[in-house]
Structures are given as structure tokens and as C-alpha cells.
Amino acid sequence: MSATTEKKQAAEGGFAEIVKICAQALLIAVVIRTLIFQPFNIPSGSMEDTLLVGDYLFVNKFAYGYSHHSLPFSPPIFSDRVFGALPKRGDIAVFKVWVPQDGWTDYIKRVIGLPGDRIQMIDGVLHINGKPVPKVRLPEDYVEGEGGAARRIPRYRETLDNGVSYDVLDMDPNGFLDNTPVYEVPEGHLFMMGDNRDNSTDSRVQSAVGYVPVENLVGRAEILFFSVERGEHAWAFWKWPWSVRWSRIGTLLE
């Protein structure tokens, strides 16, 4: 065998090895994204100020088990959940909602009502099973916007009966959804709400989100791994020294 032939075979073998390694890496990435952790970015202000536009987080897909919504594009290849588990009240969860113009769309909200619960808003105070959830005004308001567009929004601390506490915003003391009928959460469903109470399309809007089937859960939001200012792009690395919200990176979600 000539030296030229040996070099050619070595080059072909090296190329094949690179292809093999890339295929294995791609397979591992697909498995991780499908079964364990999925990256998710925040496109709207419905969960402010817990989650901000420009936040990037990992969603734990194993937390609630798997349904066909755990797979990309939600192919209806099986029903119910495998290794299914109900969320805890207060969890921040990603779930699917059917939007006629967009198909299955990811939403992220906080789990407020579990199957069998009765949920109601009375004068801006959340009631669960007839009991008001403690809501304490915080000394510092949330500042929305920049420069002349900035405005201060009252911030409150809610504490659920299981000890989970989180901040909520109250943009309008007489908001459209501050007084609601009693919502009785059906079996196999959840009641989801955004922390930005007057700027969230959630289960209170029955025509849009309504009661969320447990089957529609994608996973539990766990940790912020990146964050850029509103209007900035994560890929614009040359702006990172100024556009990245460094203090938010690594934040554990509650």
C-alpha cells in the first residue's frame, strides 16, 4: 500500500470519527432537551418581577413526568403522562396552550389552584378555598420602563398555605381581573396565574387559557442561566458588558 493511499484512508477515518462524535453529541443534546432540561426564554411581562423579559431559564421536564407535550411540536403519539406527578402550589411551570393562529404555544405561570380547589379574586386579594392568601405591601415599588417612560408599580408579598412566598405586582387597584367569580378547578386540571396580576392572560381568562390540563405541562422552571435587558439580543455578545443582567444569572426560582 502506497503512502498516498495510507494518508487518504487516515483522512477518511479521521473524518468519519468527527462525524461520529458530532452525531453522538447531537443525540445527547436531543435526549437532554427532550427528557431532562429544556431552555426557555421570557417573551412577556406577565411574570414580572419574578421573571423579566430577556430572562433565559432551564425547565426541569422530569419534575412532572412526560406527556406528548414533552416532545418538540407536541406530536399526539400517546396520551396521559408517564411518571406523572402533580405540581406543588406555588411552582412556576411551563405548559402548552392551543392558540389558533400559532398552534401549541408555551406559556409560563405560577400554579395557584390544584384539582378540586376553588379560586377567586376579591378586591385584588387571592382567595383559595374560601380563605384569603396573606398579601403584604412591600416598601419598594417595582420600576417598569426606562427614562421618561418609567413608572412605579406597587409590589406585594403573597404567602401560600404551604409556605411558598413570592412577589406580585398590582398595576391597577381596580383591575378587570381583581374581582372574579369562583373558579372550581376540575379533576385533572390546574389553575395558573401570572405574578404581574393586571398584565397576565392566565386561567382567569377562560376564553384564552382557562383551566390547564395536567397533560399540557412541560416542566418546572428551575434556574436562570442568562439574562439580557429588555430589547437586547442574547447573541449580541459585543454588548454583554452592558446588556447582561449579571446579578440575575444563577437565580433559583421559587
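Everything here concerns the structure above.
These numbers were taken from a predicted model, which means no experiment stands behind them. Positions within a chain are numbered from 1, following the residues in the order the chain's sequence is written. The predicted nature of this model means local features are confined to residues of pLDDT at least 70 and side-chain atom pairs, given and counted, to a pLDDT of 80 or more, with totals for whole chains, interfaces and linings taken over all residues. The basis for every side-chain value is the complete set of heavy atoms in the structure, and neither hydrogens nor water enter the calculation.

Caption draft 1: Expanded view of empty space enclosed by the protein. Cavities and pockets are defined on a 1 Å grid built over the protein atoms alone: a cavity is a set of grid points where a 1.4 Å probe fits but cannot escape, while a pocket is an open set with protein on both sides within 12 Å along at least five of seven lines, and lining residues are those with an atom within 4 Å of any such point. Grid points are joined across faces, edges and corners, and a volume is the space filled by probe spheres set on the points. Inspection of the entire model under this criterion finds 1 cavity of 30 Å³ or more. By volume, the largest cavity amounts to about 40 Å³. Grouping the amino acids of the lining of the largest cavity by side-chain chemistry returns 3 nonpolar, 1 polar and 5 charged. Ten residues, namely Ala, Val, Leu, Ile, Met, Phe, Trp, Tyr, Cys and Pro, are considered nonpolar, four, namely Asp, Glu, Lys and Arg, are considered charged, and the remaining ones, Gly among them, are considered polar.

Caption draft 2: Spotlight on the pattern of salt bridges. For this analysis, a salt bridge means a side-chain nitrogen from Lys or Arg found within 4 Å of a carboxyl oxygen belonging to Asp or Glu. Evaluated as defined, the whole model comprises 18 salt bridges. The salt bridge involving Arg 230 is made with Glu 48; its shortest N-O contact spans 2.6 Å. Of this pair, Arg 230 sits in the loop between strand E16 (217–227) and helix H2 (240–243) while Glu 48 sits in the loop between strand E1 (37–41) and strand E2 (55–60), and the two are 182 residues apart along the sequence. Accessible area is worked out with a 1.4 Å probe on protein chains only. A residue is then buried under 20% of its type maximum, exposed over 50%, and partly exposed in between. By relative accessible area, which is 47% here, Arg 230 ends up partly exposed. Starting at the N terminus, helices and strands are each numbered in turn, a helix being any DSSP run of H or I of at least four residues and a strand any DSSP run of E of at least two.

Caption draft 3: Seen up close, a nonpolar patch on the surface. On the surface, Trp 235, Phe 237, Trp 238, Trp 240, Trp 246 and Ile 249 cluster together to form a nonpolar patch covering roughly 740 Å² of accessible area. Along the chain, Trp 246 turns up in the segment after H2. A relative accessible area of 52% places Trp 246 in the exposed class. Patches draw on residues past 30% relative accessible area with no salt bridge. Two like charges within 9 Å are joined, as are two nonpolar side chains (Val, Leu, Ile, Met, Phe, Trp, Tyr) within 5 Å. Every accessible area reported is derived by Shrake-Rupley at a probe size of 1.4 Å, with residue values counting cover from the shown protein chains alone.

Caption draft 4: Region of the structure containing the pairing of strand E11 (residues 155–159). Across 3 bridges, the pairing between strand E8 (residues 135–137) and E11 is antiparallel. Directly across from Lys 135, in E11, lies its bridge partner Glu 158. Bridge analysis of E11 against strand E12 (residues 165–169) gives 5 bridges, and the strand direction is antiparallel. Bridging across to E12, Thr 159 finds its partner in Ser 165. Think of it this way: DSSP has to see at least two bridges between two strands before they count as a pair. Between E11 and E12, which follow one another and run antiparallel, lie 5 residues, and Gly 163 among them has a positive phi close to 95°.

Caption draft 5: Quick peek at the sheet that holds E11. Reading across the sheet, the 3 strands line up as E8-E11-E12 and stay open at both edges, with antiparallel pairing between neighbours. The sheet is open, and its two borders are formed by E8 and E12, each paired with just one other strand. Geometrically, the sheet is characterised by an average inter-axis angle of 30° between neighbouring strands, direction not taken into account. An axis is simply a line fitted to the C-alpha atoms; with a helix, the fit covers only the stretch in contact. Between two such axes, the angle follows the N-to-C directions and lies from 0 to 180 degrees.

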